[in-house]
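Here's the letter readout for the chains.
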Amino acid sequence: MALPRGKSYIRLDQVSQEDIDNLIIRVNSCTWRQTFHIQPVSGLLNDPNGFCFYNGEYHLYYQWHPLGPFHGLKYWYHTKSTDLVNWTNVGIAIKPDEYFDSHGAYSGSAVEHNGNLYLLYTGNTRDENLVRHPYLCIAVMDEDGNIIKSKKSVLNKVPEGYTEHFRDPKLWKADDKFYAVIGAQRTDKTGGVCLLSSSDLLEWKFEGELATNLEHFGFMWECPDYFEMDDKGILIFSPQGLEPVGDLYQNIYQAGYVVGEKLDLQRRELIHGDFIELDRGFDFYAPHTMKDPGGRRLMVAWMGLPEIEYPSDINGWANCLTIMRELSLRDGKLIQKPVPELQSLRKNKVEAADIIRDENKMVDGFSGVTYELVCEFEQGDALEYGIEFRAGAEEKTVIKYDAIQKKIILDRTLSGKVIGSTYGTERKCRIAGDSHKFQLFVDSSSVEIFVDDGEETFTARIFPDIRSQEIRFYAMGGSAEFKAVKWDYL
Ligand code: FRU
């Protein structure tokens, strides 16, 4: 059978090895292949799943449709690492081949129990009328990496009051019991999050919905994640169906969190503050966290969005994951920092410092396709300052501070091939102060920008011409001083 071209549920073993090899050749010929991000060997990647530290290694799985850059039959793909930077492709972890996951092994999470790693995931099925019936399923990985799916699903009915959109369990253990939050849609077509519990990970009980003060907040909440930090309870989720408000909610779907009191598991109530978007850029969804052995809360997200086409599609692949980020809480807000392990990629350090006034300055050694760039600006009287990167004669991606609007702005209007333009080509957020620090992680087709040491982040895919490699520091309407360091990531 030839490769499918649109949404389909064709399995890998139904296509010929020759078709797969040809697809991989097409993928590998793509100039936008990433160098230090997790990306699929072919086809489409979406949500990170089951991020954990088990048996001396980090394990990270993701949603994978191998046969093309669209959302067809999903597998769990397995990668692992000892340093959060160099990831080894292990291969398929979960195949959708049972009655309870026949139309996709959808998102879920992992927890260690009795020396094994338990993977709790969503079995997606569709009946003859294509109506969905989700199941909750378990697979168990042993120390040798063998993964065995349980022959029975562990929850096979959506609880009363919810639609078939009931998925993405995120596990944790508290007081010798296991809990999971799960994304849900109420029958009135609003989104929410429910709580499940289990004493052995095999028998699960539906506890009920978590009460929040976001009763009417989109039509579905995907990929919830609950954890505690500094005596606070934090609920991350990806709500769908929010209308844009000012600079907020500009993407097709959002990803964000609320911070509140620790969850009262008996009353299932979360007393919390406002919903805050996790990232201010264009391509960030379904974030997923874990606590590592050193006690750090690490987060990774899908650097992409549902229902958006990407220019790499013609080469037979789409999407990647973000770099790993460490979370901390400051004044009720999550701060994101790239994990320091990434510094092992730093090569060929170059430095520059200057005062610029109404000019666009290039500095020797500052150019490239894959690098880390840290630049601190001191505002003089400039009305605007920033950095143009992946720039050439006609292309540039711009991160800037606009001192009139008092906003940080990421502009990908001229970034190269257009992506999701109906959702606009600029993203902005207000920020305190006039002097700002930008830390950029630039890969062949993406940028992740940490502003003021993680106070804000902007994540975006960009698809410039391979020749667009310039970096230009600029100030307009006055002067600014900058200090920059760049390392190649080879
Ligand atoms: C989020 C999502 C999840 C689902 C998975 C399927 O992007 O739609 O809700 O489990 O992707 O791949």
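Residue indices begin from 1 for each chain and proceed along its sequence in written order. Restriction of local features to residues with pLDDT of at least 70 applies here, the model being predicted, together with a cutoff of 80 or more for giving and counting side-chain atom pairs; totals for whole chains, interfaces and linings are based on all residues.

### So, the overall build of the protein
The criterion, for reference: Secondary structure elements are defined from DSSP: runs of H or I of at least 4 residues count as helices, runs of E of at least 2 residues count as strands, and each element is numbered from the N terminus. Each radius of gyration is computed over the set of C-alpha atoms, and the globule rule expresses the reference value as 2.2 Å times the number of residues to the power 0.38. Residue pairs are scored as contacts if the distance between their C-beta atoms, which are placed from the backbone, is within 7 Å.
Counting secondary structure elements, the protein contains one helix and 31 strands. Here the C-alpha atoms of the protein give a radius of gyration of 22 Å, agreeing with the 23 Å that 2.2 N^0.38 yields for 490 residues. Across its three principal axes, the protein shows a C-alpha extent of roughly 65 × 55 × 40 Å. Long-range contacts, defined as pairs at least 24 residues apart, comprise 59% of the intrachain contacts of the protein with a sequence gap of at least 6.

### Remarks on the UniProt feature "domain: Glycosyl hydrolase family 32 N-terminal" (unreviewed entry) in the protein
Our working rule: UniProt positions are given in the numbering used here, feature names are shortened, and annotations may be inferred rather than shown by experiment.
Within this structure's numbering, the places UniProt gives as "domain: Glycosyl hydrolase family 32 N-terminal" (unreviewed entry) are residues 37-338. Helix makes up 0% of residues 37-338 and strand 50%, whereas the separation of the span's terminal C-alpha atoms amounts to 13 Å.

### Regarding the nonpolar core
Heads up, the condition is: Residues of type Ala, Val, Leu, Ile, Met, Phe, Trp, Tyr and Cys that are buried and joined through C-beta atoms within 7 Å form what is called a nonpolar core. Buried residues are those with 20 or more other C-beta atoms within 10 Å of their own C-beta, exposed residues have 12 or fewer, and partly exposed residues lie in between; C-beta atoms are placed from the backbone. The domain limits used here are those given by an automatic or database domain assignment.
Counting 128 residues, the largest nonpolar core has Leu 119 and Ala 301 as the members making the most contacts within it. For this core, the element with the most residues is strand S31 (residues 470-489), which contributes seven residues. Composition of this core by domain shows at least three residues from each of domain 1 (12-338) and domain 2 (347-489). When neighbours within four sequence positions are excluded, Leu 119 is seen to be in contact with Gly 50, Ile 94, Gly 108, Ala 110, Ile 138, Ala 139 and Met 141.

### Notes on the UniProt feature "domain: Glycosyl hydrolase family 32 C-terminal" (unreviewed entry) in the protein
UniProt's feature table lists "domain: Glycosyl hydrolase family 32 C-terminal" (unreviewed entry) at residues 341-485, given in the numbering used throughout. For residues 341-485, the end-to-end C-alpha separation is 18 Å, with 0% helix and 61% strand making up the annotated structure.

### A short note on the domain arrangement of the protein
Operational definition: Throughout this entry, Asp, Glu, Lys and Arg are counted as charged residues, while Ala, Val, Leu, Ile, Met, Phe, Trp, Tyr, Cys and Pro are counted as nonpolar. The remaining residues, Gly among them, count as polar.
Here the protein is partitioned into domain 1 (12-338) and domain 2 (347-489). Between the C-alpha centres of domain 1 and domain 2 the distance comes to 31 Å. Taken together, the contacts link 30 residues of domain 1 with 30 residues of domain 2. Among the residues making up the side of domain 1 that touches domain 2, the classes are represented as 13 nonpolar, 11 polar and six charged.

### Brief notes about the pairing of strand S15 (residues 256-260)
Convention followed: Note on pairing: two strands pair once DSSP finds at least 2 bridges between them.
Within S15, four of the five residues are buried, leaving the element largely enclosed by the surrounding structure. Bridging between strand S14 (residues 232-240) and S15 involves five bridges; their strand directions are antiparallel. Bridge pairing in S15 links Ile 236 to Tyr 257. Pairing geometry for S15 and strand S16 (residues 276-277), over two bridges, is antiparallel. Bridge pairing in S16 links Tyr 257 to Ile 276.

### Observations regarding the site of the ligand
Selection criterion: Each residue receives a C-beta atom placed from its backbone. It is near a molecule or strand if this atom lies within 6 Å of it.
Taken together, the neighbourhood of the ligand is formed by 13 residues, with Gln 63, Lys 74, Tyr 106, Ser 107 and Glu 222 sitting nearest. When contributions to the shell around the ligand are tallied by element, the ones reaching two or more residues are strand S1 (43-54), strand S5 (105-113), strand S9 (162-174) and strand S13 (220-229). A breakdown of the residues in the shell around the ligand according to their chemical character gives four nonpolar, four polar and five charged.

### Description of the sheet that holds strand S18 (residues 297-302)
Defined as follows: To obtain each axis, a line is fitted to C-alpha atoms, and for helices this fit is confined to the stretch in contact; angles are then taken between N-to-C directions over 0 to 180 degrees.
Strands sit in the order S17-S18-S20-S21 across an open sheet of four strands; the sheet is antiparallel. Among the strands making up the open sheet, the edge pair consists of strand S17 (285-291) and strand S21 (333-338). Direction aside, the axes of adjacent strands within the sheet are offset by 40 degrees on average. Across five bridges, S17 lies against S18 in antiparallel orientation. When the sheet's bridge partners are listed, Lys 291 is paired in S18 with Arg 297.

### Details of the sheet that holds strand S10 (residues 177-186)
Hydrogen bonds between backbone atoms are what pair the strands of a sheet, whose relative direction is either parallel or antiparallel. Strand order across the open sheet formed by four strands is S9-S10-S11-S12, with antiparallel pairing between neighbours. Edge positions in the sheet fall to S9 and strand S12 (205-209), since each of these pairs with one other strand and no more. For this sheet, the mean inter-axis angle between neighbouring strands, taken without regard to orientation, is 25 degrees. As judged from the four bridges shared by strand S11 (residues 191-198) and S12, these two strands associate in the antiparallel manner. For Cys 194, the partnering residue across the bridge sits in S12 and is Glu 209.

### Let's talk about the environment of Ile 234
Looking at the secondary structure, you find Ile 234 in strand S14. Judged by the 23 C-beta atoms lying within 10 Å of it, Ile 234 is buried. Setting aside chain neighbours within four positions, we find Ile 234 in contact with Phe 227, Met 229, Tyr 257 and Val 259.

### A closer look at the confidence of the model for the protein
Inclusion rule: The quantity called pLDDT is the predictor's confidence in a given residue, expressed from 0 to 100.
Per-residue confidence for the protein averages 97 on the pLDDT scale, and 99% of its residues sit at or above 70. Confidence metrics for the complex model read pTM 0.98 and ipTM 0.99.

### Focus on unusual backbone geometry
Keep in mind that most residues, glycine aside, have a negative phi and that most peptide bonds are trans. A positive phi is found at Glu 307, a non-glycine position, where the angle reads about 60 degrees. Mapped onto the secondary structure, Glu 307 falls in the loop between S18 and strand S19 (317-318). Phi at Asp 358 is positive, roughly 45 degrees, even though this residue is not glycine. Locating Asp 358 in the fold gives a position in strand S22 (residues 346-361). Look at Asp 358 and you get exposed, because 12 C-beta atoms sit within 10 Å.

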